[in-house]
There are 2 protein chains.
Amino acid sequence: MDDSRLREIPFHKETIYEGSILHVEKWQVTCPNGHSAPREIVVHKGAAAVVPVYEDGTTLLVRQHRVSVDRVTLEIPAGKLDRADEDPLDCAVRELEEETGLTAERMTLLTSVLTTPGFCTEKIAIYLAQGLSQGSTHPDEDEFLDLVRMPLDEAVDRIMRGDIRDGKTICGLLMAREVLSRQRAQA
Amino acid sequence: MDDSRLREIPFHKETIYEGSILHVEKWQVTCPNGHSAPREIVVHKGAAAVVPVYEDGTTLLVRQHRVSVDRVTLEIPAGKLDRADEDPLDCAVRELEEETGLTAERMTLLTSVLTTPGFCTEKIAIYLAQGLSQGSTHPDEDEFLDLVRMPLDEAVDRIMRGDIRDGKTICGLLMAREVLSRQRAQA
């Protein structure tokens, strides 16, 4: 398809705020109709997340407080890339091990989700982790979290009840279940 | 469960950037161990999105360019709330009508997704729209988009192939399919 009718082309980028995590830019773009328009963009270096699934069909979620929304959330293990060019798989392996103590024999990329592309560059690569072995956890010093193990089907029920609301977690759990059910259908 | 072991409590908030769309704040929080720490937060007034599903099992997606990720994306119809206290259902009805020309007899809340709660307050309420009637579209002047109708099952296949990557869209389509399959199982 011809996308030139849709495409916005940036011709100027200016840094508005350079924080320790957030980097905010103002872009000027040329719209398909030739007009120019401003776009405020949060530049994020990206992240990786993991849906660990045990042989018995359970998964392991992280219970933590998110001050942005003042809620305790249930989320799949995840963390930011160290650098924008870090391989997300390396990040996923590290975060899984740090937050849960798990190592995996098999890591399968489920997707790389665009969390909120209207104003943010963030992509989160989400992996399905299988063939799990337990080691010890060592979370970051300023991370406070609980681990909650539950059947994947129960996690899906919690999504449908509105009890699990984190975007990457909904995507990861529902896609993991779809992959596993397609694998079973083929077996 | 006792969440005080997890909870971060903000004691200071400072505006860093006040843009036309983005509002960025720096919060100082007290961590569960008593230490204080900074949190950079994008304050967003929220949005609403809609998964329209026709009687024949097809859905309608919006094809548009997202300059933040320089990609043409397939997304469910969506838009920002007019005000932080707008009822997301009113916003969903308006955006569905503006972007697709559709009105719906039934709107069912699927969830309110936290798009990226690590640094952003954004919530997107996602509705399943059924009993659809077609009117004319009238998108915003600076919105350039195509409409693509396809079976919901094909949209799910596109998610699994990594062709649909927008977070709210993955959540909305997979949750809509789950609701419809549970409805069929009960019928």
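See the structure above.
Before going into details, it helps to say that this report is about the structure given with it. (Residues numbered from 1 in each chain as written. Chains lettered and ligands numbered in written order. Predicted model: local features only at pLDDT ≥ 70, side-chain atom pairs only at ≥ 80, totals over all residues. Heavy atoms only, no water.)

## A short note on the sheet that holds strand 5 (residues 58–66) of chain B
All names here are of chain B. Rule in force here: Two strands qualify as a pair provided that DSSP identifies no fewer than 2 bridges between them. In this description a helix means any DSSP run of H or I spanning at least four residues, a strand means any run of E spanning at least two, and both kinds are numbered starting from the N terminus. In this description, a line fitted to the C-alpha atoms serves as the axis of each element, helices being fitted only across the stretch in contact, and the angle between N-to-C directions of two axes falls anywhere from 0 to 180 degrees. Pairs of residues are marked as contacts when any of their non-hydrogen atoms sit within 4.5 Å.
An order of 6-5-10 is seen for the three strands of this open sheet, with the pairing classed as antiparallel. Edge positions in the sheet fall to strand 6 (71–75) and strand 10 (145–151), since each of these pairs with one other strand and no more. Mean inter-strand twist for the sheet, computed between neighbouring axes without regard to direction, equals 30 degrees. By the bridge criterion, seven bridges tie strand 5 to strand 10 in an arrangement that is antiparallel. Across the sheet, the residue bridging to T59 is M150, located in strand 10. Contacting strand 5, strand 6 and strand 10, helix 2 (residues 152–160) runs over the sheet at an angle of about 110 degrees to strand 10.

## Let's talk about the sheet that holds strand 3 (residues 36–43) of chain B
Residue and element names in this part refer to chain B. Reading across the sheet, the three strands line up as 1-2-3 and stay open at both edges, with antiparallel pairing between neighbours. Among the strands making up the open sheet, the edge pair consists of strand 1 (9–18) and strand 3. Ignoring strand direction, the axes of neighbouring strands in this sheet form an average angle of 25 degrees.

## Brief notes about the interface of chain B and chain A
A common measure of how large an interface is: the accessible area buried when the components associate. Stated precisely, the cut-off is as follows: A pairing counts as a salt bridge when a side-chain nitrogen of Lys or Arg comes within 4 Å of a carboxyl oxygen of Asp or Glu. Under this definition, polar contacts are N or O atom pairs within 3.5 Å; protein pairs additionally need one hydrogen-donor-capable and one acceptor-capable atom, and for neighbouring residues in sequence, both atoms have to be side-chain atoms.
Counting from both sides, the interface comprises 71 residues of chain B and, opposite them, 71 residues of chain A. Here chain B and chain A share ten salt bridges between them. Its salt-bridge partner being R63 of chain B, residue D3 of chain A comes within 2.6 Å of it at the nearest N-O pair. Applying the counting rule to chain B against chain A returns 32 residue pairs in polar contact (both at pLDDT 80 or more). Among the elements that take part in the side of chain B that touches chain A, helix 3 (residues 167–186) of chain B stands out by supplying nine residues, more than any other.

## Section: the packing of helix 3 (residues 167–186) of chain A against helix 2 of chain B
Note the following rule: If an angle is under 35 degrees, it is roughly parallel; if it is over 145, roughly antiparallel; if it lies from 65 to 115, roughly perpendicular; otherwise it is oblique. Gly counts as polar in this scheme, as do all residues outside two lists: the nonpolar Ala, Val, Leu, Ile, Met, Phe, Trp, Tyr, Cys and Pro, and the charged Asp, Glu, Lys and Arg.
Packing of helix 3 of chain A against helix 2 of chain B brings their axes to within 11 Å, and their N-to-C directions diverge by 100 degrees. In this view, helix 3 of chain A runs roughly perpendicular relative to helix 2 of chain B, as classed from their interaxial angle. Facing helix 3 of chain A, whose interface residues are M175, E178, V179 and R182 of chain A, helix 2 of chain B presents V156, D157, I159 and M160 of chain B. Classifying every residue of the contact of helix 3 of chain A with helix 2 of chain B by side-chain character gives five nonpolar, no polar and three charged.

## Things to note about the side chain of E99 of chain A
Residue and element names in this part refer to chain A. Short version of the rule: Categorising residues by exposure relies on relative accessible area from a 1.4 Å probe, with only protein chains included: less than 20% of the type maximum marks a residue as buried, more than 50% marks it as exposed, and the intermediate range marks it as partly exposed. Within this scheme the basic residues Lys and Arg register as positive and the acidic residues Asp and Glu register as negative, but His and the chain ends are omitted.
Along the polypeptide, E99 turns up in helix 1 (residues 88–100). In this structure, E99 is buried with no salt-bridge partner, the nearest side chain bearing the opposite charge being R66 at 6.8 Å. There is a polar contact of 3.5 Å between the side chain of E99 and the backbone nitrogen of A78. Setting aside its immediate chain neighbours within four residues, E99 contacts V62, P77, A78, T137, E143, L145 and L147.

## Focus: the relation of the copies chain B and chain A
Rules: When the copies are superposed, the least-squares fit takes in the C-alpha atoms of residues with a pLDDT of at least 70 in both.
The two copies are related by a screw motion: chain B maps onto chain A through a turn of 180 degrees and a shift of 0.0 Å along the axis, at an RMSD of 0.0 Å. The two molecules are tied by a two-fold rotation axis, judged by turn and shift. Same-surface contact between copies: 100% of interface residues of chain B are shared with the interface of chain A.

## Details of the nonpolar core
The following threshold applies: Only buried Ala, Val, Leu, Ile, Met, Phe, Trp, Tyr and Cys residues count toward a nonpolar core, and they belong to the same one when joined by side-chain atoms within 4.5 Å.
Core analysis: the biggest nonpolar cluster contains 58 residues, and I126 and L173 of chain A together with I126 and L173 of chain B have the highest contact counts within it. If sequence neighbours within four positions are ignored, I126 of chain A has contacts with A49, V51, I76, T108, L109, L110, T111, V113, K168, C171 and G172 of chain A. Core analysis: the second largest hydrophobic core is formed by 13 residues, V50, L81, A92 and L132 of chain B among them.

## Some details on the environment of A104 of chain A
Residues and elements named next belong to chain A. Mapped onto the fold, A104 is located in strand 8 (residues 102–114). Residue classification places A104 among the partly exposed residues on the basis of a relative accessible area of 28%. Ignoring anything within four residues of it in the chain, the contact list for A104 reads L96, A129, Q130, G131 and L132.

## Overview of helix 2 (residues 152–160) of chain A
Three or more residues of helix 2 of chain A are buried, namely L152, A155, V156, R158, I159 and M160 of chain A. Following helix 2 of chain A by one or two positions, G162 of chain A has its phi on the positive side, about 80 degrees.

## Quick look at unusual backbone geometry
Located in the positive-phi region is D70 of chain A, a residue other than glycine, with phi close to 45 degrees. Looking at where D70 of chain A falls in the secondary structure, it is placed in the loop between strand 5 (58–66) and strand 6 (71–75).

## A closer look at the pattern of salt bridges
Opposite charge on two side chains permits them to pair, given that their charged atoms come into close proximity. In this structure the tally under the stated criterion is 38 salt bridges over all chains. Measuring nitrogen to oxygen at the nearest pair gives 2.7 Å for the salt bridge that ties E8 of chain B to R39 of chain B. Here E8 of chain B is found in the segment before strand 1, whereas its partner R39 of chain B is found in strand 3, with 31 residues between them in sequence. For the pair shown, E8 of chain B and R39 of chain B are each scored as buried. When the shortest N-O distance is used, the salt bridge between R83 of chain B and D85 of chain B registers 2.8 Å. Look at R83 of chain B and you get partly exposed, because its relative accessible area is 46%. Because the salt bridges share partners, they merge into one network encompassing D3 and R5 of chain A together with R63 and D146 of chain B.

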